[in-house]
Number of protein chains: 2
Amino acid sequence: VRAVLMQDKRLTVESVPEPVPGSGEVLVEVLYSGICGSDLHFRAHGAEFNQAAREAVGVEVMDLSRPIILGHEFVARVLAYGPGTTRRIAVGKRVTSLPALRGDRQRGIGSAGIDVPGSYAERMLLTESLLLEVPEGVPSESVSLTEPLAVALHAANSANLETCDVPLIMGCGPIGLALIAVLKMKGVAPIVAADLSPARLNLARDLGADIVVNARQHSPFEAWREAARSADPSTWAAPTPFGGQSDLRPTVAFECTGSPGVINQIIHGAPVGSRIVVAGLCMATDHFEPSQAVLKSIEMRFVAMYSDAEFEETFNLIVSGALNARGMITRTVTLEEVSGVFEQLASSPNDAKVLIDPSARTDAG
Amino acid sequence: VRAVLMQDKRLTVESVPEPVPGSGEVLVEVLYSGICGSDLHFRAHGAEFNQAAREAVGVEVMDLSRPIILGHEFVARVLAYGPGTTRRIAVGKRVTSLPALRGDRQRGIGSAGIDVPGSYAERMLLTESLLLEVPEGVPSESVSLTEPLAVALHAANSANLETCDVPLIMGCGPIGLALIAVLKMKGVAPIVAADLSPARLNLARDLGADIVVNARQHSPFEAWREAARSADPSTWAAPTPFGGQSDLRPTVAFECTGSPGVINQIIHGAPVGSRIVVAGLCMATDHFEPSQAVLKSIEMRFVAMYSDAEFEETFNLIVSGALNARGMITRTVTLEEVSGVFEQLASSPNDAKVLIDPSARTDAG
């Protein structure tokens, strides 16, 4: 089984033993695996991430002393069942799943060693009871986006959106783009999206952003204010300290860049009563002015992951066609190309979601 | 009319012309005025506060080029009505009010000049339609706490408290103590309170804190964990990223110190899914680790002031006896003593709420 192994920050394609399904587990063939920003974090800041996770939730995410097989966004095909399974889905059928084993082995998928490979591999193991069967006719590429779209659905749900809200998306990487697709589906409009990359802003527009702003050239908040002013009849009322009433509706801003300083930028730009959903993962120490947040009665929600129910809801929305974010897929690569793609994504992010097709081979010529 | 005038950071007692009630306004005699932490901020950092408020809500709070009469917490007695009033409350009756004029003059009370004096004065003006009449038998001191208790009620309401919550109060100054009284009234228990001052911790216990922690000697979060573990049957379930379930219930922490670093301390100490209500006003730039907040799905609400309805609700709770926070009043001073009290409160905060009795005179002997 060919797989991308990560060790000492290097990514190499190697042959590893075929993983053996344990009780309640199933062996699957990976059709597509997404490359996630977390994977880039894992490689560049694995030790810091481990440290942060240990402190935050008491869990060691990765054993960095061994090779790790990344990948937690995938669509796959059932190959063989292990012991203690009901075989409810026929061999050959397509499936996806929460990225976790939940039987005898309790393990996240995409941060473990070669015995529990992530989806940067030709084959991997899943827990049978978590399998979601993909109906015929639904493109595999669409299903491979279930996980990032579940992250976005959770972020959107955390915002308690009301019809009067005019959302502002800061950062149009995969999380920002997935959020735009989810907000579009929910009918919240107009959607304002900001990024530094013209290529990503085009994707944002394709996925449903009504107004796109190149933050190198224009203030996202000026654009947002224009949009908020022209938005439909408002039923909002923001309490303003020290008398008076704000003439601006509160915004719901989604921090999707993970860059230090952006949260403070949003606090300064946002009107009284605004909500900030922080979905980007900033590993640095950040700074902000609490007095501005207090004077404006700002609410901040930091979000990660999703519930099991949100994952399944996302899958059903994709299958029904209600949620379509295939526009965020910018290319499909081979296992051999992954290492180079990591370098490109870190330096010049014109890509959004890159898929790996483990069955594809890079031409020698 | 004697009043404390603030100019160039100096507080002096002077005689000013009696204020003249305009249309819809009423002249009142101040019985008690509370000294608020904001007043200390206004004096020490008036220009910075103006700048912050201008940026946050587009309002210039104070005209620092003129003498300012502070004071926005008060109980008073009706002396005379201006034109355009219904005189619905008899002259001689006691009243309190939101600290604002809301008629022809739209002005906050407690940050204006001698034409709209705050309650650091023998007499002041109020808007008739905002007057709340104090029934016989209710102590004036209790009513003078309406404003700070409304701030606390708003903070508590912002926390969306559930019966399973174990609140942690960081800082037992007037805001923290008022919060303890409000949480006690709401029946949320156990209440854990932390401060650096043994005197304030005694007040915290008097007002209803079940567990008090001197943060110089013990970790507030260790004490909180003990309390949370022994708290009654829990129906909470916190989502933990990267698999597993937290064995700690989320906390609701109230930041009431206004000191930089404390928000980050709470983020690091709090379990997954915790909520942080920031009620303290920190004028400095602060730092924090967003990754910890993201990994723990932290929710932060920055709160200021209260709604008109919350102010009236607080008044009714005080009048009915349901909410009693007189224990936070540590002494009553004369106008002449105010300047010295400001120095003491800034340097060694063993006091909590200090009231001014403008009718009292400091003995010359």
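A short tour of the structure in this document, coming up. Residue positions within a chain follow its written sequence, with the count starting from 1. To label them, take the chains in the order written and letter them from A, then take the ligands in the order written and number them from 1. Confidence filtering applies because this is a predicted model: local features only for residues at pLDDT of at least 70, side-chain atom pairs given and counted only at 80 or more, and all residues used for totals across whole chains, interfaces and linings. With hydrogens and water set aside, each side-chain value is computed from the structure's full complement of heavy atoms.

### Focus: empty space enclosed by the protein
1) Next: Buried and open spaces are told apart on a 1 Å grid over the protein atoms alone, a cavity being a set of points where a 1.4 Å probe fits but cannot get out and a pocket being an open set with protein on both sides within 12 Å along at least five of seven lines. Residues with an atom within 4 Å of a point are the lining residues. Grid points are joined across faces, edges and corners, and a volume is the space filled by probe spheres set on the points. Across all of its chains, the model carries 1 cavity of 30 Å³ or more by this definition.
2) Next: A volume near 40 Å³ is recorded for the largest cavity.
3) Next: Gly falls in the polar group here, along with every residue not listed as nonpolar (Ala, Val, Leu, Ile, Met, Phe, Trp, Tyr, Cys, Pro) or charged (Asp, Glu, Lys, Arg). Among the residues making up the lining of the largest cavity, the classes are represented as 4 nonpolar, 5 polar and 2 charged.

### Structural notes on the relation of the copies chain B and chain A
1) Next: Between chain B and chain A, which share one sequence, the superposing operator has a rotation angle of 180° and an axial displacement of 0.0 Å; the RMSD is 0.0 Å. Given the turn and translation reported, the copies of this chain are related as if by a two-fold rotation axis. Looking at the rotation axis and the C-alpha trace of chain B, the residue lying nearest is His287 of chain B, at 2.1 Å.
2) Next: Whether two residues are in contact is decided by their heavy atoms: any pair within 4.5 Å suffices. Of all interface residues in chain B, 100% are interface residues in chain A too; the two copies therefore contact each other through one and the same surface. For this overlay, a least-squares fit was computed on C-alpha atoms, restricted to residues scoring pLDDT of at least 70 in both copies.

### Quick word on the packing of helix α3 (residues 146–158) of chain A against helix α9 (residues 308–320) of chain A
Two quantities define a packed helix pair, namely the angle between the axes and the distance from one axis to the other.
All names here are of chain A.
1) Next: Lines fitted to C-alpha atoms define the axes, with helix axes restricted to the stretch in contact, and inter-axis angles between N-to-C directions lie between 0 and 180 degrees. A run of H or I in DSSP becomes a helix once it reaches four residues, and a run of E becomes a strand once it reaches two; helices and strands are each numbered from the N terminus. Running from N to C, α3 and α9 cross one another at 115°; their axes reach a closest spacing of 9 Å. On the basis of the axis angle, α3 is roughly perpendicular to α9. Here α3 runs over α9; the crossing is right-handed. Residues Thr146, Glu147, Leu149, Ala150, Leu153, His154 and Asn157 of α3 form the contact with α9, whose participating residues are Glu310, Phe311, Glu313, Thr314, Phe315 and Ile318.
2) Next: Looking at the contact of α3 with α9, its residues break down into 6 nonpolar, 4 polar and 3 charged. Geometric relationships in this document are graded by angle, where less than 35 degrees denotes roughly parallel, more than 145 denotes roughly antiparallel, 65 to 115 denotes roughly perpendicular, and other angles denote oblique. Here a crossing is called left-handed whenever its near helix is offset anticlockwise from the far helix by less than a right angle, and right-handed whenever the offset is clockwise.

### Looking at the interface of chain B and chain A
1) Next: Listed as interface residues are 41 residues of chain B and, on the opposing side, 41 residues of chain A.
2) Next: Here, a salt bridge means any side-chain nitrogen of Lys or Arg that lies within 4 Å of a carboxyl oxygen of Asp or Glu. Applying the counting criterion to the chain B and chain A interface returns 2 salt bridges.
3) Next: Under the rule applied, a polar contact is a pair of N or O atoms within 3.5 Å (in protein, one hydrogen donor and one hydrogen acceptor; residues adjacent in sequence only if both atoms are side-chain atoms). At the surface where chain B touches chain A, the tally comes to 17 residue pairs in polar contact (both at pLDDT 80 or more).
4) Next: Contributions of two or more residues to the side of chain B that touches chain A are made by α1 (37–57), α7 (262–269), β17 (286–288), α8 (290–295) and β18 (299–302) of chain B.
5) Next: For the side of chain B that touches chain A, a count of residues per class yields 27 nonpolar, 8 polar and 6 charged.
6) Next: Strand direction decides the pairing type here: strand β17 (residues 286–288) of chain A and β17 of chain B, joined by 3 bridges, are antiparallel. Paired with His287 of chain A across the two strands is His287 of chain B, which belongs to β17 of chain B. Any two strands between which DSSP finds at least two bridges are classified as paired.

### Details of helix α4 (residues 174–186) of chain A
1) Next: Here α4 of chain A is 13 residues long and its end C-alpha atoms lie 18 Å apart, about the 18 Å a rise of 1.5 Å per residue gives.
2) Next: Along α4 of chain A, the residues classified as buried are Pro174, Gly176, Leu177, Ala178, Leu179, Ile180, Ala181, Val182 and Leu183 of chain A. Multiplying 1.5 Å by the residue count of a helix minus one yields the expected span of that helix. Three labels apply to residues, based on accessible area from a 1.4 Å probe with only protein chains included: buried if under 20% of the type maximum, exposed if over 50%, partly exposed otherwise in between.

### Focus: the environment of Leu153 of chain B
Residue and element names in this part refer to chain B.
1) Next: Take Leu153: it is sitting in helix α3 (residues 146–158).
2) Next: Using a relative accessible area of 1% as the deciding quantity, one classes Leu153 as buried.
3) Next: Each C-alpha atom of the pair Leu153 and Lys186 lies 9.9 Å from the other, and the pair is 33 residues apart in sequence.
4) Next: Discounting chain neighbours no more than four positions away, the residues touching Leu153 are Val182, Met185, Lys186, Glu310, Glu313 and Thr314.

### With respect to the pairing of strand β13 (residues 192–195) of chain A
All names here are of chain A.
1) Next: Because side chains alternate across β13, one face comprises the buried residues Val192 and Ala194, and the other comprises Ala193 and Asp195, equally buried.
2) Next: As paired strands, strand β12 (residues 167–170) and β13 are joined by 3 bridges and run parallel to one another. Among the inter-strand pairings, Leu168 is bridged to a residue of β13, identified as Val192.
3) Next: Crossover handedness for the path β12 to α4 to β13: right-handed.
4) Next: The sheet contact formed by β13 and strand β14 (residues 211–214) spans 4 bridges and is parallel. Seen with its strands pointing away from the viewer, a crossover is right-handed when the path leading from the first strand over the helix to the second is clockwise.

### As for the pattern of salt bridges
1) Next: Following the criterion strictly, the structure yields 30 salt bridges over all chains and no others.
2) Next: Lys353 of chain A is paired through a salt bridge with Glu73 of chain A; the nearest N and O atoms lie 3.0 Å apart. Placement of the pair is Lys353 of chain A in strand β20 (residues 353–356) and Glu73 of chain A in the loop between β4 (69–70) and β5 (74–81), with a sequence separation of 280 residues.
3) Next: The salt bridge involving Arg301 of chain B is made with Glu299 of chain A; its shortest N-O contact spans 3.4 Å. Taken together, the residues Arg301 of chain B in strand β18 and Glu299 of chain A in strand β18 (residues 299–302) connect one chain to another. Each member of the pair Arg301 of chain B and Glu299 of chain A is classed as buried.
4) Next: Each member of the salt-bridge network shares a partner with another, and the members are Arg2, Glu122, Glu336 and Arg361 of chain A.

### Things to note about the side chain of Arg301 of chain A
1) Next: Assessed through its relative accessible area of 16%, Arg301 of chain A is described here as buried.
2) Next: A distance of 3.1 Å separates a polar atom in the side chain of Arg301 of chain A from a polar atom in the side chain of Glu299 of chain A.
3) Next: Filtering out sequence-adjacent residues up to four positions away, Arg301 of chain A remains in contact with Ser158, Asn160, Ile276, Val277 and Val278 of chain A together with Ile298, Glu299 and Arg301 of chain B.

### Concerning the environment of Gly46 of chain B
1) Next: Within the element layout of this structure, Gly46 of chain B appears in helix α1.
2) Next: Excluding residues within four positions of it along the chain, Gly46 of chain B makes contact with His41, Met62 and Leu64 of chain B.

### A short note on the pairing of strand β20 (residues 353–356) of chain B
All names here are of chain B.
1) Next: Side-chain alternation along β20 places Lys353 and Leu355 on one buried face and Val354 and Ile356 on a second face that is also buried.
2) Next: Taken together, the 2 bridges between strand β3 (residues 25–34) and β20 define a ladder with antiparallel strand orientation. Residue Gly34 lies in a different strand from β20, and its bridge partner there is Leu355.
3) Next: Taken together, the 4 bridges between strand β19 (residues 329–333) and β20 define a ladder with parallel strand orientation.

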